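One letter stands for each residue in the lines below.
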Amino acid sequence: MVGLKPAQRRVLVAHLPELANVAAGSLLFGQFLTERPYSLLLALVGVVVWTILIGWVFVLAAGERP
């Protein structure tokens, strides 16, 4: 487990979902803003990155003491 202080853990739990949404949004939907063809691989990378980051939030949040 990552050795974080409770305040650091709270900050990560609060802001990591936002980072996950930005990553997924840019890799999934950002492709529509370019002239290149849609890349399914890039979209899957966005989903995987989002899943990893949200999973990490759950792991960090599980270590919180009420």
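Below or above, wherever it landed, is the structure these notes cover. Source: prediction; values computed, not measured.

1. Examining helix H1 (residues 6-28)
Residue pairs three or four apart in sequence face the same way in an α-helix, which turns once every 3.6 residues.
Then step 1. Relative to the 33 Å expected for 23 residues at 1.5 Å per residue, H1 spans 33 Å between its end C-alpha atoms, a close match to the ideal helical length.
Then step 2. The axis of H1 is deflected most strongly, by about 30 degrees, at histidine 15, and proline proline 17 appears within four residues downstream.
Then step 3. Those residues of H1 that sit buried are Arg9, Leu16, Ala20, Ala23, Ala24 and Leu28.
Then step 4. The secondary structure elements touched by the buried residues of H1 are helix H2 (40-62).

2. So, the nonpolar core
Then step 1. Leu16, Ala20, Leu53, Ile54 and Val57 form the largest nonpolar core, which has five residues in total.
Then step 2. Elements that contribute at least two residues to this core include exactly H1 and H2.
Then step 3. Take this core: its biggest share by element is three residues, from H2.
Then step 4. The residues contacting leucine 16, other than those within four sequence positions of it, are Leu53, Trp56 and Val57.

3. Here's the deal with the environment of phenylalanine 29
Then step 1. Secondary-structure assignment places phenylalanine 29 in the loop between H1 and H2.
Then step 2. Counting along the chain gives 17 residues from phenylalanine 29 to glycine 46, while the straight-line C-alpha distance between them is 9.5 Å.

4. Comments concerning H2
Then step 1. Taking 1.5 Å per residue, 23 residues should reach 33 Å; H2 reaches 33 Å between its end C-alpha atoms and fits that length.
Then step 2. Listing the buried residues of H2 in full gives Ala43, Gly46, Leu53, Ile54, Val57 and Leu60.
Then step 3. At its buried positions, H2 is contacted by H1.

Conventions used here
Residues numbered from 1 in each chain as written. Predicted model: local features only at pLDDT ≥ 70, side-chain atom pairs only at ≥ 80, totals over all residues. Heavy atoms only, no water. Helix = DSSP H or I, 4+ residues; strand = E, 2+ residues; numbered from the N terminus. Expected span 1.5 Å × (residues − 1). Bend = angle between axes of the 7 residues up to and from the residue. Buried < 20%, exposed > 50% of the residue type's maximum accessible area, 1.4 Å probe, protein only. Contact = heavy atoms within 4.5 Å. Core = buried A, V, L, I, M, F, W, Y, C linked by side-chain atoms within 4.5 Å.

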